[in-house]
Amino acid sequence: MEHLRSTRAEINLDNLKHNIGVLRRELGPDVEPMAIIKADCYGHGAVIMMEYMMKYGLRYFGVASLNEAMELRRFHKDGEILVLGLSPDNLLHYGVENNITQACCSLRQAQVLSRCSTAEKPAKIQIKVDTGMHRLGFPPTEESMDIVAQIAKLPNLDLVGIFSHLALETHDDDYRQWKLFQQFIDGCEARGVHFPLKSICDGIATIRYPEMRYNMVRPGSFFYGFNPHLDCLKPLMQLKSEIVHLQLLPAGEGLGYGLDDAADHDRVIATLPFGYVDGVPRAMSHYQGWTAVKGVKCPFVGLLCMDQAMIDVSDVPGVAIGDEVVVFSHETVAMTYPEGAKISNFNRNGLQAALPRRVPKVYFENGREVAYRDYLFDKE
(Lines give C-alpha, C1' and ligand atoms only; values in the text may rest on other atoms or scores of the structure.)
Protein backbone atom coordinates (compact mmCIF):
# COMPACT_ATOMS: atom_id res chain seq x y z
CA MET A 1 0.00 0.00 0.00
CA GLU A 2 1.27 3.46 -0.86
CA HIS A 3 2.22 5.53 2.17
CA LEU A 4 -0.15 8.45 2.38
CA ARG A 5 1.66 10.40 5.10
CA SER A 6 5.34 11.09 5.68
CA THR A 7 4.91 11.28 9.46
CA ARG A 8 5.01 7.67 10.63
CA ALA A 9 5.99 5.32 13.40
CA GLU A 10 8.57 2.73 12.41
CA ILE A 11 8.43 -0.56 14.35
CA ASN A 12 11.47 -2.87 14.46
CA LEU A 13 10.13 -6.43 14.66
CA ASP A 14 13.62 -7.88 14.99
CA ASN A 15 13.87 -6.06 18.32
CA LEU A 16 10.51 -7.52 19.33
CA LYS A 17 11.81 -11.01 18.57
CA HIS A 18 14.95 -10.24 20.60
CA ASN A 19 12.94 -9.08 23.62
CA ILE A 20 10.70 -12.15 23.48
CA GLY A 21 13.83 -14.30 23.45
CA VAL A 22 15.21 -12.48 26.50
CA LEU A 23 11.98 -13.13 28.38
CA ARG A 24 11.78 -16.78 27.33
CA ARG A 25 15.32 -17.42 28.56
CA GLU A 26 14.54 -15.66 31.83
CA LEU A 27 11.32 -17.59 32.44
CA GLY A 28 12.31 -21.07 31.34
CA PRO A 29 9.81 -23.64 30.06
CA ASP A 30 7.40 -23.67 33.00
CA VAL A 31 6.12 -20.08 32.90
CA GLU A 32 3.88 -18.78 30.12
CA PRO A 33 4.05 -15.08 29.17
CA MET A 34 0.89 -13.11 28.44
CA ALA A 35 1.70 -10.10 26.27
CA ILE A 36 -0.21 -7.01 27.39
CA ILE A 37 -1.20 -5.24 24.18
CA LYS A 38 -3.83 -2.80 25.49
CA ALA A 39 -3.96 0.80 24.29
CA ASP A 40 -3.24 -0.33 20.72
CA CYS A 41 -0.21 -2.23 21.99
CA TYR A 42 1.18 0.83 23.77
CA GLY A 43 0.98 2.71 20.49
CA HIS A 44 2.77 0.03 18.44
CA GLY A 45 -0.38 -1.19 16.66
CA ALA A 46 -2.05 -4.17 18.32
CA VAL A 47 -3.37 -5.93 15.21
CA ILE A 48 0.00 -6.25 13.46
CA MET A 49 1.92 -6.75 16.71
CA MET A 50 -0.30 -9.66 17.75
CA GLU A 51 0.33 -11.28 14.36
CA TYR A 52 4.10 -11.15 14.81
CA MET A 53 4.00 -12.00 18.51
CA MET A 54 2.19 -15.21 17.57
CA LYS A 55 4.73 -15.81 14.82
CA TYR A 56 7.46 -15.50 17.46
CA GLY A 57 5.77 -18.01 19.76
CA LEU A 58 3.41 -16.11 22.08
CA ARG A 59 -0.09 -17.52 22.68
CA TYR A 60 -1.69 -15.32 25.36
CA PHE A 61 -2.65 -11.64 25.09
CA GLY A 62 -4.17 -9.14 27.51
CA VAL A 63 -6.20 -6.03 26.74
CA ALA A 64 -8.08 -3.51 28.84
CA SER A 65 -11.54 -3.57 27.32
CA LEU A 66 -13.93 -5.68 25.30
CA ASN A 67 -13.77 -3.48 22.21
CA GLU A 68 -9.98 -3.88 22.13
CA ALA A 69 -10.44 -7.64 22.30
CA MET A 70 -13.10 -7.58 19.57
CA GLU A 71 -10.81 -5.68 17.20
CA LEU A 72 -8.09 -8.27 17.68
CA ARG A 73 -10.49 -11.17 17.24
CA ARG A 74 -11.76 -9.58 14.05
CA PHE A 75 -8.33 -10.08 12.52
CA HIS A 76 -7.00 -13.08 14.48
CA LYS A 77 -9.00 -16.24 15.06
CA ASP A 78 -6.15 -17.82 17.02
CA GLY A 79 -4.56 -16.64 20.26
CA GLU A 80 -6.04 -16.49 23.75
CA ILE A 81 -7.26 -12.98 24.64
CA LEU A 82 -8.06 -11.83 28.18
CA VAL A 83 -10.03 -8.66 28.92
CA LEU A 84 -8.40 -7.36 32.11
CA GLY A 85 -11.15 -4.86 32.86
CA LEU A 86 -14.84 -5.42 33.49
CA SER A 87 -17.45 -5.35 30.74
CA PRO A 88 -21.11 -4.31 31.24
CA ASP A 89 -23.46 -7.24 31.75
CA ASN A 90 -25.32 -6.58 28.49
CA LEU A 91 -22.09 -6.92 26.48
CA LEU A 92 -20.71 -10.07 28.07
CA HIS A 93 -22.22 -12.30 25.39
CA TYR A 94 -19.82 -10.81 22.82
CA GLY A 95 -16.90 -12.28 24.73
CA VAL A 96 -18.53 -15.70 24.77
CA GLU A 97 -19.38 -15.58 21.08
CA ASN A 98 -15.83 -14.56 20.13
CA ASN A 99 -13.80 -16.89 22.35
CA ILE A 100 -12.58 -14.06 24.57
CA THR A 101 -11.68 -14.67 28.21
CA GLN A 102 -13.18 -12.13 30.60
CA ALA A 103 -12.16 -11.00 34.07
CA CYS A 104 -14.73 -11.86 36.72
CA CYS A 105 -15.11 -10.47 40.23
CA SER A 106 -18.77 -11.01 41.11
CA LEU A 107 -21.26 -13.85 41.31
CA ARG A 108 -23.77 -11.75 39.34
CA GLN A 109 -21.39 -11.37 36.43
CA ALA A 110 -20.58 -15.09 36.45
CA GLN A 111 -24.29 -15.92 36.41
CA VAL A 112 -24.84 -13.66 33.40
CA LEU A 113 -21.98 -15.38 31.59
CA SER A 114 -23.32 -18.79 32.49
CA ARG A 115 -26.74 -17.93 31.04
CA CYS A 116 -25.37 -16.62 27.73
CA SER A 117 -23.07 -19.58 27.10
CA THR A 118 -23.56 -23.24 26.22
CA ALA A 119 -21.76 -26.50 26.81
CA GLU A 120 -20.48 -26.31 23.22
CA LYS A 121 -19.41 -22.67 23.63
CA PRO A 122 -18.60 -22.05 27.32
CA ALA A 123 -17.69 -18.68 28.75
CA LYS A 124 -14.00 -18.39 29.60
CA ILE A 125 -13.24 -16.43 32.77
CA GLN A 126 -10.34 -15.53 35.02
CA ILE A 127 -11.01 -14.60 38.63
CA LYS A 128 -9.63 -11.18 39.55
CA VAL A 129 -8.48 -10.71 43.16
CA ASP A 130 -7.99 -7.32 44.83
CA THR A 131 -4.86 -7.76 46.94
CA GLY A 132 -4.41 -4.07 47.72
CA MET A 133 -4.65 -1.77 44.72
CA HIS A 134 -8.43 -1.46 45.26
CA ARG A 135 -9.37 -1.08 41.63
CA LEU A 136 -11.18 -4.31 40.74
CA GLY A 137 -11.44 -7.80 42.13
CA PHE A 138 -12.76 -10.02 44.88
CA PRO A 139 -11.53 -8.93 48.31
CA PRO A 140 -9.32 -11.68 49.80
CA THR A 141 -11.89 -12.92 52.31
CA GLU A 142 -13.46 -16.24 53.25
CA GLU A 143 -16.76 -14.99 51.87
CA SER A 144 -15.14 -14.31 48.49
CA MET A 145 -13.64 -17.78 48.47
CA ASP A 146 -17.11 -19.22 49.02
CA ILE A 147 -18.42 -17.16 46.10
CA VAL A 148 -15.63 -18.37 43.82
CA ALA A 149 -16.52 -21.94 44.80
CA GLN A 150 -20.13 -21.21 43.73
CA ILE A 151 -18.92 -19.73 40.45
CA ALA A 152 -16.84 -22.82 39.73
CA LYS A 153 -20.01 -24.94 39.90
CA LEU A 154 -22.04 -22.84 37.45
CA PRO A 155 -22.81 -24.54 34.14
CA ASN A 156 -21.08 -23.59 30.92
CA LEU A 157 -18.21 -21.70 32.57
CA ASP A 158 -14.56 -22.46 31.84
CA LEU A 159 -12.55 -21.15 34.79
CA VAL A 160 -9.15 -20.81 33.12
CA GLY A 161 -7.25 -18.79 35.71
CA ILE A 162 -6.87 -16.32 38.53
CA PHE A 163 -4.86 -13.08 38.68
CA SER A 164 -4.03 -10.01 40.71
CA HIS A 165 -1.64 -7.08 40.35
CA LEU A 166 1.13 -5.65 42.52
CA ALA A 167 1.25 -1.96 43.43
CA LEU A 168 5.07 -2.06 43.22
CA GLU A 169 5.44 0.48 46.03
CA THR A 170 7.73 -1.24 48.55
CA HIS A 171 9.16 -4.73 48.95
CA ASP A 172 7.06 -5.28 52.09
CA ASP A 173 3.85 -4.12 50.36
CA ASP A 174 4.48 -6.39 47.41
CA TYR A 175 5.10 -9.39 49.63
CA ARG A 176 1.99 -8.64 51.64
CA GLN A 177 -0.04 -8.64 48.41
CA TRP A 178 1.58 -11.86 47.23
CA LYS A 179 0.79 -13.54 50.55
CA LEU A 180 -2.86 -12.45 50.31
CA PHE A 181 -3.05 -13.77 46.76
CA GLN A 182 -1.58 -17.12 47.73
CA GLN A 183 -3.89 -17.41 50.72
CA PHE A 184 -6.85 -16.75 48.45
CA ILE A 185 -5.71 -19.42 46.01
CA ASP A 186 -5.17 -21.88 48.86
CA GLY A 187 -8.63 -21.17 50.26
CA CYS A 188 -10.31 -21.65 46.90
CA GLU A 189 -8.39 -24.84 46.18
CA ALA A 190 -9.39 -26.18 49.60
CA ARG A 191 -12.97 -25.67 48.40
CA GLY A 192 -12.29 -27.78 45.31
CA VAL A 193 -11.59 -24.98 42.84
CA HIS A 194 -8.80 -25.50 40.29
CA PHE A 195 -7.01 -22.62 38.49
CA PRO A 196 -5.02 -23.72 35.43
CA LEU A 197 -3.32 -20.29 35.15
CA LYS A 198 -2.13 -18.10 38.02
CA SER A 199 -0.45 -14.71 37.73
CA ILE A 200 0.38 -11.61 39.73
CA CYS A 201 3.53 -10.30 37.99
CA ASP A 202 3.75 -7.61 35.35
CA GLY A 203 7.07 -7.10 33.55
CA ILE A 204 8.76 -5.28 36.42
CA ALA A 205 7.68 -7.83 39.01
CA THR A 206 8.66 -10.69 36.68
CA ILE A 207 12.31 -9.68 36.96
CA ARG A 208 12.19 -8.27 40.50
CA TYR A 209 10.42 -11.25 42.07
CA PRO A 210 11.16 -14.55 40.28
CA GLU A 211 9.54 -16.40 43.19
CA MET A 212 6.16 -14.79 42.37
CA ARG A 213 5.91 -15.89 38.74
CA TYR A 214 3.57 -18.88 39.22
CA ASN A 215 2.94 -20.36 35.75
CA MET A 216 2.08 -17.08 34.00
CA VAL A 217 3.41 -13.52 33.92
CA ARG A 218 1.92 -10.48 32.17
CA PRO A 219 4.62 -8.13 30.79
CA GLY A 220 3.74 -5.09 28.75
CA SER A 221 6.51 -2.55 28.13
CA PHE A 222 9.08 -5.35 28.51
CA PHE A 223 8.21 -6.46 24.98
CA TYR A 224 8.59 -2.91 23.67
CA GLY A 225 12.10 -2.49 25.06
CA PHE A 226 11.80 -1.13 28.59
CA ASN A 227 12.40 -2.68 32.01
CA PRO A 228 14.20 -0.98 34.90
CA HIS A 229 15.98 -4.20 35.86
CA LEU A 230 17.39 -5.12 32.45
CA ASP A 231 19.58 -3.17 30.04
CA CYS A 232 19.63 -5.79 27.27
CA LEU A 233 16.18 -5.00 25.88
CA LYS A 234 15.80 -3.16 22.59
CA PRO A 235 13.15 -0.46 21.98
CA LEU A 236 11.00 -1.04 18.92
CA MET A 237 9.47 2.26 17.91
CA GLN A 238 10.81 5.39 16.26
CA LEU A 239 8.70 8.40 15.28
CA LYS A 240 9.80 10.04 12.04
CA SER A 241 8.66 12.72 9.61
CA GLU A 242 10.18 15.05 7.01
CA ILE A 243 10.74 18.71 6.31
CA VAL A 244 7.97 20.20 4.14
CA HIS A 245 8.98 23.88 4.18
CA LEU A 246 12.13 25.96 4.82
CA GLN A 247 12.55 29.67 5.41
CA LEU A 248 15.19 32.11 6.57
CA LEU A 249 13.86 33.86 9.67
CA PRO A 250 15.50 37.27 10.24
CA ALA A 251 16.87 38.27 13.64
CA GLY A 252 14.22 39.66 15.95
CA GLU A 253 11.33 37.72 14.38
CA GLY A 254 9.20 35.44 16.55
CA LEU A 255 7.13 32.58 15.18
CA GLY A 256 4.01 30.51 15.69
CA TYR A 257 1.11 31.31 18.01
CA GLY A 258 2.22 34.19 20.23
CA LEU A 259 5.15 35.05 17.93
CA ASP A 260 7.51 33.64 20.55
CA ASP A 261 11.17 32.63 20.65
CA ALA A 262 12.63 35.60 18.77
CA ALA A 263 16.43 35.46 18.52
CA ASP A 264 19.20 38.02 18.01
CA HIS A 265 20.45 36.24 14.87
CA ASP A 266 19.10 34.93 11.59
CA ARG A 267 17.85 31.31 11.65
CA VAL A 268 16.84 28.64 9.19
CA ILE A 269 13.46 27.28 10.28
CA ALA A 270 11.92 24.05 9.03
CA THR A 271 8.21 23.32 9.17
CA LEU A 272 7.18 19.73 9.92
CA PRO A 273 3.81 18.11 9.04
CA PHE A 274 2.84 16.99 12.53
CA GLY A 275 1.71 18.63 15.74
CA TYR A 276 0.80 18.01 19.35
CA VAL A 277 -2.02 15.61 18.42
CA ASP A 278 0.48 13.31 16.71
CA GLY A 279 2.17 11.99 19.83
CA VAL A 280 4.50 14.94 20.48
CA PRO A 281 3.31 16.83 23.59
CA ARG A 282 3.06 20.60 23.52
CA ALA A 283 5.55 20.66 26.39
CA MET A 284 8.23 20.09 23.74
CA SER A 285 7.73 23.69 22.56
CA HIS A 286 10.19 26.56 23.08
CA TYR A 287 13.48 24.60 22.85
CA GLN A 288 12.38 22.03 25.44
CA GLY A 289 12.29 19.11 23.01
CA TRP A 290 14.36 18.35 19.95
CA THR A 291 14.64 16.26 16.81
CA ALA A 292 17.49 14.89 14.68
CA VAL A 293 18.12 15.93 11.07
CA LYS A 294 21.15 14.41 9.34
CA GLY A 295 22.50 13.53 12.76
CA VAL A 296 22.23 17.12 14.03
CA LYS A 297 20.20 17.99 17.12
CA CYS A 298 17.46 20.45 16.09
CA PRO A 299 15.21 21.96 18.79
CA PHE A 300 11.52 22.75 18.52
CA VAL A 301 10.95 26.51 18.32
CA GLY A 302 7.76 28.42 18.97
CA LEU A 303 4.62 26.77 20.24
CA LEU A 304 3.73 23.40 18.74
CA CYS A 305 0.53 23.68 16.72
CA MET A 306 -2.12 21.00 16.47
CA ASP A 307 -0.91 19.81 13.05
CA GLN A 308 2.46 21.50 12.46
CA ALA A 309 5.71 22.16 14.26
CA MET A 310 8.83 24.20 13.61
CA ILE A 311 12.45 23.33 14.34
CA ASP A 312 15.70 25.30 14.07
CA VAL A 313 17.85 23.64 11.38
CA SER A 314 20.45 26.41 11.12
CA ASP A 315 23.29 24.00 11.92
CA VAL A 316 22.29 21.28 9.45
CA PRO A 317 24.60 21.28 6.41
CA GLY A 318 22.78 21.24 3.08
CA VAL A 319 19.36 21.04 4.71
CA ALA A 320 16.56 20.58 2.17
CA ILE A 321 12.84 20.01 1.86
CA GLY A 322 12.19 16.27 2.10
CA ASP A 323 14.99 15.58 4.59
CA GLU A 324 14.05 12.99 7.18
CA VAL A 325 13.32 14.21 10.69
CA VAL A 326 13.62 11.80 13.62
CA VAL A 327 11.54 12.80 16.63
CA PHE A 328 11.83 9.82 18.99
CA SER A 329 14.53 7.19 18.62
CA HIS A 330 17.06 5.13 20.56
CA GLU A 331 19.49 5.16 17.62
CA THR A 332 20.15 8.87 16.94
CA VAL A 333 20.60 12.17 18.79
CA ALA A 334 16.82 12.56 18.77
CA MET A 335 14.89 12.24 22.03
CA THR A 336 14.34 8.79 23.45
CA TYR A 337 10.86 8.06 24.74
CA PRO A 338 12.05 8.16 28.36
CA GLU A 339 13.64 11.58 27.72
CA GLY A 340 10.45 12.81 26.07
CA ALA A 341 8.38 11.58 28.99
CA LYS A 342 10.61 13.42 31.46
CA ILE A 343 10.43 16.66 29.49
CA SER A 344 6.65 16.50 29.25
CA ASN A 345 6.15 15.25 32.84
CA PHE A 346 4.33 12.24 31.47
CA ASN A 347 4.44 8.48 31.80
CA ARG A 348 6.58 6.80 29.12
CA ASN A 349 3.95 4.17 28.36
CA GLY A 350 1.36 6.92 28.08
CA LEU A 351 3.56 8.92 25.72
CA GLN A 352 3.94 5.98 23.36
CA ALA A 353 0.28 5.03 23.64
CA ALA A 354 -0.70 8.64 22.85
CA LEU A 355 0.34 8.08 19.25
CA PRO A 356 -2.94 8.66 17.36
CA ARG A 357 -4.31 6.41 14.68
CA ARG A 358 -3.81 9.06 12.01
CA VAL A 359 -0.06 8.38 12.29
CA PRO A 360 0.60 5.31 10.09
CA LYS A 361 2.78 2.46 11.34
CA VAL A 362 5.47 0.80 9.22
CA TYR A 363 6.87 -2.57 10.32
CA PHE A 364 10.34 -3.88 9.49
CA GLU A 365 11.71 -7.40 9.75
CA ASN A 366 15.30 -8.23 8.75
CA GLY A 367 15.64 -4.63 7.61
CA ARG A 368 12.76 -4.95 5.12
CA GLU A 369 9.30 -3.41 5.28
CA VAL A 370 6.85 -6.27 5.86
CA ALA A 371 3.68 -4.50 6.98
CA TYR A 372 2.06 -1.09 6.83
CA ARG A 373 -1.07 0.02 8.61
CA ASP A 374 -3.01 3.22 8.22
CA TYR A 375 -6.13 2.90 10.35
CA LEU A 376 -7.90 5.62 8.36
CA PHE A 377 -8.03 3.17 5.45
CA ASP A 378 -8.59 0.03 7.47
CA LYS A 379 -10.49 -2.88 5.97
CA GLU A 380 -11.20 -6.30 7.35
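Above this text is the structure in question.
The structure displayed is predicted, hence computed values, not measured ones.

Next up on the list: the state of the cysteines. By the definition in use, this model includes zero disulfides. Cys41 carries a free sulfur, and the closest cysteine sulfur to it, the one in Cys232, is 19 Å from it. Cys116 takes part in no disulfide bond, and the closest cysteine sulfur to it belongs to Cys104, at a distance of 12 Å.

Let us look at the side chain of Lys361. Along the polypeptide, Lys361 turns up in strand 17 (residues 361-365). Relative accessible area serves as the criterion here: at 0%, Lys361 is assigned to the buried category. Residues contacting Lys361, with those up to four places away along its chain left out, are Ala9, Asp40, Gly43, His44, Gly45, Leu355, Pro356, Ala371, Tyr372, Arg373 and Tyr375.

Time to look at the pattern of salt bridges. Inspection of the entire model under this criterion finds 21 salt bridges. With its nearest N and O atoms 3.5 Å apart, the salt bridge here joins Glu32 to Arg59. Of this pair, Glu32 sits in strand 2 (residues 32-36) while Arg59 sits in the loop between helix 3 (46-55) and strand 3 (60-63), placing them 27 residues apart in sequence. Accessibility expressed as a relative area gives 17% for Glu32, which makes it buried. Where Lys55 meets Glu365, a salt bridge forms, and the shortest distance between an N and an O atom there is 3.0 Å. One end of the pair, Lys55, is in helix 3; the other, Glu365, is in strand 17, and 310 residues separate them in sequence. It is possible to trace a salt-bridge network through shared partners that takes in Arg5, Asp278, Asp307 and Arg358.

What follows deals with the packing of aromatic side chains. Taken as a whole and judged by the stated rule, the model has eight aromatic pairs. Ring centres of Phe328 and Tyr337 lie 4.3 Å apart, and the angle between their planes is 20°; this geometry places the pair in the stacked category. A relative accessible area of 0% means that Phe328 is categorised as buried. Its relative accessible area of 4% is what places Tyr337 among the buried residues. Positioned above the aromatic ring of Trp290, the side-chain terminus of Lys297 is 4.1 Å from the ring centre. Here the guanidinium or amino end of Arg357 rests over the ring plane of Tyr375, the centre of that ring lying 4.3 Å away.

What counts and what doesn't
Residues numbered from 1 in each chain as written. Predicted model: local features only at pLDDT ≥ 70, side-chain atom pairs only at ≥ 80, totals over all residues. Heavy atoms only, no water. Disulfide = S-S within 2.5 Å. Helix = DSSP H or I, 4+ residues; strand = E, 2+ residues; numbered from the N terminus. Buried < 20%, exposed > 50% of the residue type's maximum accessible area, 1.4 Å probe, protein only. Contact = heavy atoms within 4.5 Å. Salt bridge = Lys/Arg side-chain N within 4 Å of Asp/Glu carboxyl O. Phe/Tyr/Trp six-rings, centres within 6.5 Å; stacked < 30°, edge-to-face > 60°. Lys NZ or Arg CZ within 6 Å of the ring centre and 35° of its normal.

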